[in-house]
Amino acid sequence: MEPLQDATTVERMLLAQAKQTRTPANGSIELLPLCNMNCDMCYVRLSREEMERQGRLRTADEWLEIGRQMKDAGILFLLLTGGEPFLYPGFKRLYLGLRQMGMILTINTNGTLIDEDLAEFFGKYKPRRVNITLYGTDEETYAELCHYPGGYERTLRGIRLLRERGVDVKVGGSLTRANKGDLDRLLDVEKELGIPVRVDTYMMPATRERELPYNMQSRLGPEEAARARIHALKREMGPELFPQYVHQSVYMADHPEPAESKPGHMACMAGQCSFTINWQGEMRPCVMLSEPAVSVFEAGFEDAWKYIVEETGKLLLNAKCSTCHLRHLCRTCAASALLEAGSYDAVPEYMCRYAEESLRLLREEWEKLQNGQDISDR
């Protein structure tokens, strides 16, 4: 989950201003690639042996020095992630040091390692939010998909411990072939626990599966992902907002705004006011891009940021995408183009099929609305 996925109006205003001036305001640090779970679709996790062959973990002192440089550069929002960040040695010391610098901290975690002690710590030193991923709604899914028996109850316990101490928690779900039957139950958690839940049905291909056909990958195929997404939106938006979304989406597809066919630049915050630094110290525009990249420990934060801004500005998307009437339903970006099709300016087949199926389903919903039919799912 993105650290500012549900940003307030003020936060979005600050980020918009930072994007205009290319000021780094929002970042993330991947503290380590280690995790106590081993999810089939993960693109980050390494075993300890794999990690040690690639390098060493940076110390809390090294990260705090980078933190001081980030503070001087104007960083407001910082996400701490992994791997599983609570496995990082000295996590509490690093967290407190960054917090004392005035940074607004968010944490991504699987939630299974949150115990009474950690919950008390966050109750006393509150983050902006703790994002917890729920991979299913029973122990069978956690055993099959995450290879972590008992993970479901541990995650729920972590959520409850934080909530009891007034910590803001948001739950995210990642839908795959192994847990696609849990979609409605994942969405029901919102009412059960009284916290927001958002389920992501599109996942970029895992490193180990990128050469496999869609039906052999852990993630959903494009049409399945689109169907699950429309279903989730219907549940999340409810009977008042969803019909408006349907109408607007179909109208935009049938009445696309005129656009010049030319390669497009990245439209998100990545490399414009946002960055990520991996566990080895490489700064990149976003967590999904392996390049451009530069060592923040060697170059220093300021020079590394300048390099990322300059190189990100050179990345161009395919001209076809800039004029596509399905652009508002498509999730293509530089990262998805690269990982799905091998280059930044490619047109990913997966995303085209995802968008086409989304529109087909929305047209069906629109026809029901015009005929006065009830389109509620529940």
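Residues numbered from 1 in each chain as written. Predicted model: local features only at pLDDT ≥ 70, side-chain atom pairs only at ≥ 80, totals over all residues. Heavy atoms only, no water.

Visitor: Describe the pairing of strand S5 (residues 169–174), and please don't skip the residues or the numbers.
Guide: Along S5, 6 of the 6 residues are buried, which leaves the element largely enclosed by surrounding structure. Along S5, one buried face is formed by Val169, Val171 and Gly173 and the opposite face, lined by Lys170, Gly172 and Ser174, is buried too. Bridging between strand S4 (residues 129–134) and S5 involves 5 bridges; their strand directions are parallel. Looking at the pairing, leucine 134 lines up with glycine 173 of S5. Here S5 pairs with strand S6 (residues 197–200) via 4 bridges, running parallel. Following the sheet pairing, serine 174 is matched in S6 by aspartate 200. (Buried < 20%, exposed > 50% of the residue type's maximum accessible area, 1.4 Å probe, protein only. Helix = DSSP H or I, 4+ residues; strand = E, 2+ residues; numbered from the N terminus. Pairing = 2+ DSSP bridges.)

Visitor: Summarise the sheet that holds strand S2 (residues 77–81); cite the residues concerned and give the values.
Guide: Taking strand neighbours across the sheet as the criterion, the 9 strands line up as S6-S5-S4-S3-S2-S1-S8-S9-S10 in an open arrangement whose pairing is mixed. Where the open sheet ends on each side, the last strands, each with one partner, are S6 and strand S10 (294–295). The strands that helix H7 (residues 151–164) touches are S4 and S5; relative to S4, the one it contacts most, it runs at about 160°. (Contact = heavy atoms within 4.5 Å. Axes fitted to C-alpha atoms, helices over the stretch in contact; angles between N-to-C directions.)

Visitor: Talk me through the side chain of arginine 219; I want residue IDs and the actual numbers.
Guide: Looking at where arginine 219 falls in the secondary structure, it is placed in the loop between S6 and helix H9 (222–254). Judged by relative accessible area, arginine 219 falls into the buried class, the value being 4%. Among the polar contacts made by the side chain of arginine 219, one reaches the side chain of glutamine 217 at a distance of 2.6 Å. (Polar contact = N/O pair within 3.5 Å; in protein donor to acceptor, adjacent residues only side chain to side chain.)

Visitor: If you had to explain the packing of helix H5 (residues 116–124) against H7 to someone new, which residues and values would you point to?
Guide: Contact geometry for H5 and H7: axes closest at 9 Å, N-to-C directions at 35°. Taken as a pair, H5 and H7 cross one another with a handedness that is right-handed. Contacts from Glu116, Ala119 and Phe122 in H5 reach Arg157, Leu161 and Leu162 in H7. When grouped by side-chain class, the residues that make up the contact of H5 with H7 number 4 nonpolar, no polar and 2 charged. (Left-handed = near helix turned anticlockwise from the far one by under 90°. Nonpolar A, V, L, I, M, F, W, Y, C, P; charged D, E, K, R; others polar.)

Visitor: Break down the nonpolar core for me, citing the residues and quoting the values.
Guide: In terms of nonpolar packing, the biggest core is built from 105 residues, with Leu31, Met70, Leu98, Phe122, Leu162 and Met283 touching the most fellow members. Here this core takes 10 residues from H9, the largest share from any one element. The contacts of methionine 283, once residues within four sequence positions are left out, are Phe275, Thr276, Ile277, Pro292, Ala293, Val294, Val296, Phe301, Ala304, Trp305 and Ile308. Among the nonpolar cores identified, the runner-up in size contains 5 residues, and Leu15, Ala18, Ala25 and Phe77 belong to it. (Core = buried A, V, L, I, M, F, W, Y, C linked by side-chain atoms within 4.5 Å.)

Visitor: Which residues make up the packing of H9 against helix H14 (residues 349–370), and what are the values?
Guide: The contact between H9 and H14 brings their axes to 9 Å, and the two run at 55°. With respect to each other, H9 and H14 are oriented oblique. The handedness of the crossing between H9 and H14 comes out as right-handed. For the contact of H9 with H14, the per-class residue count stands at 17 nonpolar, 3 polar and 9 charged. (Parallel < 35°, antiparallel > 145°, perpendicular 65-115°, else oblique.)

Visitor: Give a description of the pairing of strand S3 (residues 104–109) that names residues and reports values.
Guide: Of all the 6 residues making up S3, 5 are buried; the element is thus mostly covered by neighbouring parts of the structure. By the bridge criterion, 4 bridges tie S2 to S3 in an arrangement that is parallel. Looking at the pairing, leucine 78 lines up with leucine 105 of S3. As judged from the 4 bridges shared by S3 and S4, these two strands associate in the parallel manner. The partner of threonine 109 across the bridge, within S4, is isoleucine 132.

Visitor: Any details on the environment of methionine 203? Residues and values, ideally.
Guide: Tracing the sequence through the fold places methionine 203 in the loop between S6 and H9. On the basis of relative accessible area, methionine 203 is assigned to the buried category, the value being 15%. Sequence spacing of methionine 203 and serine 218 is 15 residues, and the spatial spacing of their C-alpha atoms is 9.5 Å. Beyond its immediate stretch of four places on either side in the chain, methionine 203 contacts Met41, Ser174, Leu175, Thr176, Arg219 and Glu340.

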